[in-house]
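A look at the structure
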Amino acid sequence: MFEKSREKYKDSENKLLVAKIADKFEFCKTRNKITYTDFLDISEMSVVKRILLEEKINNWIIFGGRENADRNIIIFYPEKFSKEMVEKNYSKILEVIRIKLPNNLNYEHREFLSGIMKLGIKREKFGDILVTNTGADIISLCDVSKYLQEGLNDLTRFKKSIITIENIKNIEKVENEFEDIKIVISSMRLDNFVSELAKCSRTRASEIIEGGKVFINSVNEFKDSKKIELNDIITIRGKGKFIFDEIEKETKSGKFLVNIRKYK
């Protein structure tokens, strides 16, 4: 297995990623055990999904601890298992590190992230950080959650905080916040959207797309002529994540005024 993918990506920056995915799958197959990857970002996830489809691998699940997670793991499971059986094992794979801040503190996402990075934990060992009204929920692989909890307790910024390990089922439900943006485009082509959202020329937008920095519904898109549909999620690396929400009207010149919801 994976011979085609190994050959296809042998001179690519994704060579190591292919090797890791192949190793996890082979371990699952030979040992008849559930295996899983570290957390993958949107770019890595796009590559992995493409590889698994090309290799016709069926027994895998994407899981990030919550719906529409930005960072996810891939779980491989033996043929004798059902998806429902795997789902019952989620709590043995991921946990939540819950930080409850003192009433007088209010940290942003970057302050939680920088605190974790100070501990020397690799970014692929923990997933999304959900900032709440009282602190944050950090999605973590079970094998580092205890170390993460103890390390955070030692940081000055969290000295008076209550830090606990929670079952992944008890993760806080955090509603996404959005900013509404109005843009005018000549057609539903991807390069039109990227040009307006990234505030650049159409030529530069095409370069951004061809450079692999744009994702549609978490899948890398390289064609600037790709037609965007209502409710598509457009992610532009370094610029943000957007939902094509609504066509408000067509102008007299034949252009379209559309509403975009940008994730805050």
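Please read these numbers as outputs of a predicted model, since none were measured by experiment.

Another aspect to go through is unusual backbone geometry. One can expect most non-glycine residues to show negative phi and most peptide bonds to be in trans. Phi is positive for Asn68, which is not a glycine, with a value near 55°. In this structure, Lys199 is a non-glycine residue whose phi angle is positive, near 55°. As for its placement among the helices and strands, Lys199 is situated in the loop between helix 7 (190-197) and helix 8 (202-210).

What follows concerns the sheet that holds strand 4 (residues 94-100). In a beta sheet, neighbouring strands pair by backbone hydrogen bonds and run either parallel or antiparallel. Strand order in the open sheet formed by four strands is 5-6-4-7, and the pairing between neighbours is antiparallel. The open sheet terminates on both sides in strands that have one partner only, identified here as strand 5 (126-131) and strand 7 (162-167). Taken pair by pair, the neighbouring strands of this sheet meet at an average axis angle of 20°, ignoring direction. Across the sheet, helix 5 (residues 109-118) lies against strand 4, strand 5 and strand 6 (135-141), angled at about 145° from strand 5, the strand it touches most. Relative to the sheet, helix 6 (residues 142-154) contacts strand 4, strand 6 and strand 7, its axis offset from that of strand 6 by approximately 145°.

In the contact formed by helix 7 and helix 8, the axes pass within 8 Å of each other and the chain directions differ by 105°. Our classification of the angle between helix 7 and helix 8 gives roughly perpendicular. Contact with helix 7, carried on its side by Leu190, Asp191, Asn192, Val194 and Ser195, involves Arg202, Ala205, Ser206, Ile208 and Ile209 of helix 8 and no other residues of that element. Here the contact of helix 7 with helix 8 is built from residues that sort into five nonpolar, three polar and two charged.

Moving on, we come to the sheet that holds strand 8 (residues 178-185). The sheet built from six strands is open, its strands ordered 8-13-12-11-9-10 with antiparallel pairing. Where the open sheet ends on each side, the last strands, each with one partner, are strand 8 and strand 10 (219-220). Relative to strand 10, strand 9 (residues 214-216) runs antiparallel, the two being bridged by two bridges. Each residue of the ladder has a partner; that of Ile216, found in strand 10, is Val219.

What counts and how
Per chain, residue numbering runs from 1 following the sequence as it is written. pLDDT decides what is reported in this predicted model: residues at 70 or higher carry local features, side-chain atom pairs at 80 or more are listed and counted, and totals for whole chains, interfaces and linings draw on all residues regardless. Water and hydrogen atoms were dropped before computing side-chain values, which therefore reflect all heavy atoms in the structure. Runs of E in the DSSP output that reach at least two residues are strands. Runs of H or I that reach at least four are helices, and both are numbered from the N terminus. When DSSP finds two or more bridges between a pair of strands, those strands are recorded as paired. Each axis is a line fitted through C-alpha atoms, and for a helix only the stretch in contact is used; angles between axes span 0 to 180 degrees, taken between their N-to-C directions. The contact rule is simple, with two residues in contact once any of their heavy atoms fall within 4.5 Å. When an angle is under 35 degrees it counts as roughly parallel; over 145 it counts as roughly antiparallel; between 65 and 115 it counts as roughly perpendicular; any other value is oblique. Any residue outside Ala, Val, Leu, Ile, Met, Phe, Trp, Tyr, Cys, Pro, Asp, Glu, Lys and Arg is labelled polar, Gly included; the first ten of those are nonpolar and the last four are charged.

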